[in-house]
Each structure stands twice: as structure tokens, then as C-alpha cells.
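Structural overview for review
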Number of protein chains: 2
Amino acid sequence: MTIILYDLSSALPQKAFTPNTWKTRLCLNYKGLPYKTEWIEFPDIKTDVYDKLGVTPASKADGSPAWVLPVIHDTATGVSVAESFAIAEYLEKTYPSTPSLFPHGTIVFQELFNGAVPASALEPLGRFFVPEVYRVVNPASKEFIRRTREAAFGKALEDIAPTGDEAVAAWAKAEAGWGTIAAWYAKSGGPFLLGPTVSWADFYVVCWLITARSALGEEDQRWKNIASWHGGRFVQLLDDLKEYQAVL
Amino acid sequence: MTIILYDLSSALPQKAFTPNTWKTRLCLNYKGLPYKTEWIEFPDIKTDVYDKLGVTPASKADGSPAWVLPVIHDTATGVSVAESFAIAEYLEKTYPSTPSLFPHGTIVFQELFNGAVPASALEPLGRFFVPEVYRVVNPASKEFIRRTREAAFGKALEDIAPTGDEAVAAWAKAEAGWGTIAAWYAKSGGPFLLGPTVSWADFYVVCWLITARSALGEEDQRWKNIASWHGGRFVQLLDDLKEYQAVL
């Protein structure tokens, strides 16, 4: 009996790289639950996960179905769940004796935290990472990534990431946005957002750093730049949560 | 040695009625700190509180100074502090052995909660309560309330509260907004937002209910309406936090 985590594949050594599936992997590792990853290519999410499991997708802002991962299937209960916070709630209810993602009764605050990370932290990185995502995915996903990203941004894939002065401004905006997050860790006293105790919110933050580091590689100058922000606060966070980063 | 809480006066039996100063009173009562209220009329906030204590006001969205209460002055330390969350932080740091407003290391989550209460819950009530505020304040504050509210809403005081179909729609919107808050209490398991433990966030919610009940009076049909929302959830919350509602 095990949990199957449906995650997006890539050509990277450990395959895993997308932030939202990393949230769920961090939760599963933190809880010490037995799981294995089933690797999916982007164009196959609907047929190989949603249709196969009979899971109803959430809706995007425009009302169309969001065929996105993570999805889990729990072979012990037969239950399938989509969306990282819903999965966290399922795991909390189903396995109450494992370490809690919402310790000290904080479930409401943890859910509200999902909307708290400033867009100024994530949006610029999102644009910078589009070409990196295209670069690291497998051949089976490349056409899908190009088509969907070009539609979303309204320009050729090669023109999505900012360049020149625009890149400098976007990068500064991202650094300032992450400054808000760094200030939270300073205020909590660290190392985590609840002080001494790990919780969902830390996984919500660190998943973006895992994605950035794995997509860029540790030797990339842009990663070195992120690593230098706010006194190295985020490299420290990656290190403080290292034990939950295994890919099983 | 005591703390002075500067609060807005009214003609109501216990005077206290504005939500933000109630947040601080709830905090002081919860911590069991010795304090006494100094009653201020609206037009006197600048001279009798800010100027007298030498406190720098926060800025409104338009950059003008926000001469607002609560402000406290702690005679034990000589420190004066404005703004309810800043006061809560001051009390936590200065009196660490009193019951915590941010238990279990939740300070970051509590501060983020300040932006979480939906505008749809508060805005309609804000408009309904303008004539009630005018009614309950002392003669010394009436001209001030009329002038500032008419400027803010761009219409005569008597025309600010919705009527007819608009009132029905605004009231329904407020009820739906409070439904979001009721769902949080259901999810936490209650009676408080951290489950069994009182925290700042509960005071953030209940202050609006205290204001509504005191301004309208318990026999008012509109209060009875609020009291009936979501299975009487909010009357229960008022009752669960009753012991912190003394006016000293």
C-alpha cells in the first residue's frame, strides 16, 4: 500500500522540478508516508492522470479545466486528490498520527498563507523561467510548453523572458518581493515561519527555490544571484528543509 | 504604573464602540494588564493624543496623516504606540509572561490575517453604520463625523446607508462575506481560529461584532439579522470571548 504522486518529468537528473508538485513531495517526505512518483509528460496529464483516475479538474479563471499536477492516488484508500493544499488536507485527515503540516491548530492560517506570497516575488521569476522550463523538459513535452506559453504570454517563447533594462528591473522587483518573505522569517525568529516548527507555509515558500535551483543549476549566475539575496536567507531555508527533498 | 488606552467616546452606556480600539482593549484584557481608558472626542485626536504624546501618525493611502485611534501610552516604560497590530507587538515584547496574542510562534500568520477578512464582509456594514455612528457619538463629535463622512462618500450623511433594493443586496453581500469567516471557524474546529486557543485573529474578527451590537443595540432588527447568520456562529463567538470585553 502506497501513495502515487503524479509529477511532471524532465531531463534533469532527478526529474522533479515544478513548484506545485514539489509542495506535495515535501509534505509526503515530511510525514514519512510511503509513496512513489509516477512521471508524466505535460501533454499526457489529462489522459494519464485525470481521465485514468476519474478526477474532476479545478477550473481556471476563464472557466476552462485546469489539467494540472500534483494529483495523488492513495492505494490504501482508493482516493485520488488534485491540488496541493487539498492533498495536504487529505493527508492530515487520513494520517493524523504523522507529523502535522498545520501544527498547533493553524489550518486556517496555513490556507490563507497560500494567497500571501507577493506576486512581485513570483511573476518576474515566472517569466524568466519559461525558457528554462522549455530547456529542461523532455522532447515529448517541448511542443506543449512552447504552444501553451506562447498563447499565455502572447509572444514567441524566445521573447518571453525580459532582457536588458527590463530584465534588470524585473530582477530587482523579484528581489524586493522576496524581501517581504525574508522579513517574515526575520519576524518569526526562524528557522521556519512558525519559529521552531516546520509547516505547510515553509513548503509553499521553498518549492519555488527548489524549482529555481534545479532548473538553473547551482553554477548559473542567476541562481548565485538569488542565493545572495537578503543575506543568503533562502539558501539557508533550502538547507534547513534539506531532509524533506528526497525524490522517491 | 498603568497603560493608558486612548479610545473614542460616545453617548452609549459603556462609551466604547469603534472596532480598532476594541482590538486593543481585547488584547489588554486578555493579557490581564492594568490599563485605564482616556476618552477622546473625534476632533481632538490630533491635539489631545498625537501632539500631546509626540506620536507620529501613520499615512493614509493619499499620503495625509491618519489621526486615528487606538494609541496607547505605557506609563511604566514611557512608550507610546499607535495602530492596533503595532500595539499588540509592543505588548507581546514588553510583557512576555502574559498570555500571548501570537501563540505557538504564529506572529507572521497573525499579521497576514489582518488583510484576510474579506472586504465584502466589512464594506457594506461600513456604509450601514455611518448614520449609527453619527447617532451614538457625543455632540462634540457630530460635526466632525458629518463633515468627514460626507467628504469620504461624496454624499449627504443621510444618503450614505443603502436603502431599498440596494440595501437588500448590500446586506446579502455582507452575509456572504461573513460566510467566509464562518467557514474558517468551521475548518479550525472552533471555538477559535486556532482551534482551542484564543489569538489576535479572533479579536480582529470579534471587534466588528462588538461595534455592530453596541451601535445598533440588541433589540434592533438589523442586529438580530446578523445574530442569525450562519447558525448564530457570531453570537457564539461574542459569547466565547465575553470575558475580555470589560471596559476599564
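Residues numbered from 1 in each chain as written. Chains lettered and ligands numbered in written order. Predicted model: local features only at pLDDT ≥ 70, side-chain atom pairs only at ≥ 80, totals over all residues. Heavy atoms only, no water.

Here is the rule: UniProt positions are given in the numbering used here, feature names are shortened, and annotations may be inferred rather than shown by experiment.
By the naming in an unreviewed UniProt entry, chain A goes by GST N-terminal domain-containing protein and is assigned to Hypholoma sublateritium. Under the UniProt heading Sequence similarities (unreviewed entry), the entry covering chain A gives this text: "Belongs to the GST superfamily."

**Observations concerning helix α6 (residues 139-153) of chain B**
Residue and element names in this part refer to chain B. Stated precisely, the cut-off is as follows: Only DSSP runs of H or I reaching four residues or more are called helices, and only runs of E reaching two or more are called strands; each is numbered from the N terminus. Expected span of a helix, by definition, is 1.5 Å for each gap between consecutive residues, and there is one gap fewer than residues. Each residue is placed in one exposure class: buried if its accessible area under a 1.4 Å probe, protein chains only, is under 20% of its type's maximum, exposed if it is over 50%, and partly exposed if it falls in between. Pairs of residues are marked as contacts when any of their non-hydrogen atoms sit within 4.5 Å.
Over its 15 residues, α6 runs 22 Å from end to end, which matches the ideal 21 Å to within 8%, given 1.5 Å per residue. Every buried residue of α6 is accounted for by S141, F144 and I145. Looking at the buried residues of α6, the elements they touch are α5 (119-136). Backbone geometry just downstream of α6 places G154 in the positive-phi region, at approximately 70 degrees.

**Quick word on the sheet that holds strand β1 (residues 3-8) of chain A**
Residue and element names in this part refer to chain A. To keep it simple, the criterion reads: At least two DSSP bridges between two strands are required for those strands to pair. Lines are fitted to the C-alpha atoms to define the axes, a helix being fitted only along its stretch in contact, and any angle between axes, read from their N-to-C directions, falls within 0 to 180 degrees.
The sheet built from four strands is open, its strands ordered β2-β1-β5-β6 with mixed pairing. Both edges of this open sheet fall to β2 (35-40) and β6 (79-82), since each of them pairs with a single strand only. In this sheet, neighbouring strand axes are inclined to one another by 20 degrees on average, regardless of whether the strands run parallel or antiparallel. Judged from the four bridges that link them, strand β5 (residues 71-74) and β6 form a sheet pairing that is antiparallel. If you follow V71 over to β6, its bridge partner there is A82. Packing of helix α2 (residues 45-53) onto the sheet brings it into contact with β1, β2, β5 and β6, and relative to β1 it is tilted by some 155 degrees. This element, helix α3 (residues 84-94), spans β1, β5 and β6 of the sheet and lies at about 145 degrees to β6.

**A closer look at the packing of helix α1 (residues 19-31) of chain A against helix α8 (residues 200-216) of chain A**
Residues and elements named next belong to chain A. Using the following cut-off: What sets the label is the angle itself: under 35 degrees gives roughly parallel, over 145 gives roughly antiparallel, 65 to 115 gives roughly perpendicular, and the rest give oblique. Definitions for this section: a left-handed crossing has its near helix turned counterclockwise from the far helix by less than a right angle. A right-handed crossing has that turn clockwise. The residue classification treats Ala, Val, Leu, Ile, Met, Phe, Trp, Tyr, Cys and Pro as nonpolar and Asp, Glu, Lys and Arg as charged. All others, Gly included, are polar.
In contact at an axis separation of 8 Å, α1 and α8 are set at 130 degrees when each is read in the N-to-C sense. Judged on the interaxial angle alone, α8 and α1 are oblique. Judged by the twist between their axes, the crossing of α1 over α8 is right-handed. When α1 is examined against α8, the residues P19, W22, K23, L26, C27 and Y30 are found in contact with a partner set consisting of W200, F203, Y204, V206, C207, W208, I210 and T211. Considering only residue class, the contact of α1 with α8 consists of 12 nonpolar, one polar and one charged.

**Thoughts on the domain arrangement of chain A**
For an interface, size is often stated in terms of accessible area lost upon the parts coming together. All names here are of chain A. Defined as follows: Each domain span listed reflects an automatic or database assignment of domains. Buried area, as used here, totals the accessible surface that two parts lose on assembly, with accessibility defined by a 1.4 Å probe and the loss added over both. Any N or O atom pair separated by 3.5 Å or less is treated as a polar contact, with the protein-specific requirement of one donor-capable and one acceptor-capable atom, and with residues adjacent in sequence counted only for side-chain atom pairs.
As assigned here, chain A comprises domain 1 (3-102) and domain 2 (119-243). With 22 residues of domain 1 in contact, the opposing surface of domain 2 contributes 21 residues. Between domain 1 and domain 2 the total buried area reaches about 2,000 Å² when both faces are included, carbon and sulfur atoms providing 72% of it. The tally of links between domain 1 and domain 2 comes to eight residue pairs in polar contact (both at pLDDT 80 or more). Elements with a minimum of two residues in the side of domain 1 that touches domain 2: α1 and α3. At six residues, α1 tops the list of elements feeding residues into the side of domain 1 that touches domain 2. Looking at the side of domain 1 that touches domain 2, its residues break down into 15 nonpolar, five polar and two charged.

**Some details on the relation of the copies chain A and chain B**
Formally: We superpose the copies by least squares over the C-alpha atoms of residues that have a pLDDT of at least 70 in both of them.
Note on the copies: chain A fits chain B at an RMSD of 0.0 Å, the axial shift is 0.0 Å, and the rotation between them is 180 degrees. What the superposition gives is, in effect, a two-fold axis relating one chain to the other. In terms of C-alpha distance to the rotation axis, chain A has F109(A) as its closest residue, with the C-alpha 3.0 Å off the axis. The residues that chain A uses at the interface reappear at the interface of chain B in 100% of cases, marking a shared surface.

**Quick look at the UniProt feature "domain: GST N-terminal" (unreviewed entry) in chain A**
As recorded in UniProt, the sites labelled "domain: GST N-terminal" (unreviewed entry) are residues 8-99 of chain A. A helix fraction of 36% and a strand fraction of 21% characterise residues 8-99 of chain A, whose end C-alpha atoms lie 26 Å from each other.

**A look at the sheet that holds strand β2 (residues 35-40) of chain B**
All names here are of chain B. Read across the open sheet, the four strands follow the order β2-β1-β5-β6; overall the sheet is mixed. With partners counted over all chains shown, the strands left at the sheet margins are β2 and β6 (79-82), one partner each. This sheet shows a mean twist of 20 degrees between the axes of neighbouring strands, independent of strand direction. Bridge count between strand β1 (residues 3-8) and strand β5 (residues 71-74): four bridges; the pairing is antiparallel. Residue pairing for β5: Y6 is matched across the bridge by V71. Contacts from helix α3 (residues 84-94) reach β1, β5 and β6, with the element oriented near 145 degrees to β6.

**Focus on the interface of chain A and chain B**
Put simply, the test is: Note on definitions: salt bridges are taken to be side-chain nitrogens of Lys or Arg within 4 Å of carboxyl oxygens of Asp or Glu.
Taken together, the contacts link 21 residues of chain A with 21 residues of chain B. Contact between chain A and chain B buries roughly 1,700 Å² in total, counting both sides, with carbon and sulfur atoms accounting for 74%. It is V108(A), F109(A) and K187(A) that lose the most area in chain A upon contact with chain B, and together they represent 40% of the buried surface on that side. The interface formed by chain A and chain B holds four salt bridges in total. Between K187(B) and E111(A) there is a salt bridge, with the nearest N and O atoms lying 2.7 Å from each other. Where chain A meets chain B, there are five residue pairs in polar contact (both at pLDDT 80 or more). Counting residues per element, the ones that place at least two in the side of chain A that touches chain B are α3, α4 (107-113) and α7 (164-188) of chain A.

**Here's the deal with the pattern of salt bridges**
Following the criterion strictly, the structure yields 28 salt bridges over all chains and no others. For R146(A), the salt bridge identified is with E150(A), shortest N-O distance 2.9 Å. In this pair, R146(A) and E150(A) are both assigned in helix α6 (residues 139-153), four residues apart and thus about one turn of the helix distant. For R146(A), a relative accessible area of 25% puts it in the partly exposed group. Across the salt bridge formed by R222(B) and D220(B), the nearest N and O atoms sit 2.9 Å from each other. You can call D220(B) buried: its relative accessible area is 18%.

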